[in-house]
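# What the coordinates show
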Amino acid sequence: AAMKNKRLSVLFLSVVLILASLLFSILVSAATDSSITIKNTKFEADQGATFSTTIYIEEGSGTEILQTKLLYDINKLTLVSATPADDSGAVINASKAGSVIISWASMDGPITAKTNIVTLEFQVDETLSEGEYDFLSIDPTFKSAGGNDEVSVGVTSDFTSLSIYGYGDVNLNHEVDT
């Protein structure tokens, strides 16, 4: 009788574990089905000068978590600082030149309003010539801590360009005005 009870207990625990892992998989899948678009605020930049831009999540995204890795061109920019925006509680790792890893979770459930995540301050290389540059992107190969990339699925960006205008271009149309 004791052996029969032991077998039933093992069978019961096995079924419970299978159901729990199935439920967890469904919850993780549901949490990552939505697409998150991150953007940055507008800024003005000059050769050799610093500028700041804030990375934010658009209103209505419904997300509760974001983990992503941003990439920037170290031949054009130097990262001066990366700080959580507006008490966002974001955790930032900018220890490797050329990248900024951001981990953020909402404390208030799914977000419905525009939410600032991190403010980045860059120094523009003084030799950068006039032009339009893509300066920030998302690393599509990024996997979050532990190799789990579930939370980075569906993260897209709509970043502004870095515009460097020549001296005398008062209309900001990349032409020297007379």
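The present account deals with the structure reproduced in this document.

### Re the overall build of the protein
The secondary structure content of the protein amounts to one helix and eleven strands. When its helices and strands are written in sequence order, the protein yields α-β-β-β-β-β-β-β-β-β-β-β. Within the protein, buried positions represent 33% of all 178 residues. In the protein, 74% of the contacts between residues at least 6 apart in sequence involve partners at least 24 apart. As displayed, the protein has an accessible area near 11,000 Å², and 55% of this comes from carbon and sulfur atoms.

### Quick word on the pairing of strand E3 (residues 65-72)
For E3, a buried count of six out of eight residues is recorded, marking the element as mostly surrounded by other parts of the structure. Two elements, E3 and strand E6 (residues 99-105), share seven bridges in a ladder whose sense is antiparallel. Bridge assignment links Leu70 to a residue of E6, and that residue is Val100. Here E3 runs beside strand E9 (residues 136-138); their pairing, made up of three bridges, is antiparallel. Bridging across to E9, Leu71 finds its partner in Ser137.

So, how was this worked out
Residues numbered from 1 in each chain as written. Predicted model: local features only at pLDDT ≥ 70, side-chain atom pairs only at ≥ 80, totals over all residues. Heavy atoms only, no water. Helix = DSSP H or I, 4+ residues; strand = E, 2+ residues; numbered from the N terminus. Buried < 20%, exposed > 50% of the residue type's maximum accessible area, 1.4 Å probe, protein only. Contact = heavy atoms within 4.5 Å. Areas by Shrake-Rupley, 256 points an atom, 1.4 Å probe, with all protein chains shown as cover. Pairing = 2+ DSSP bridges.

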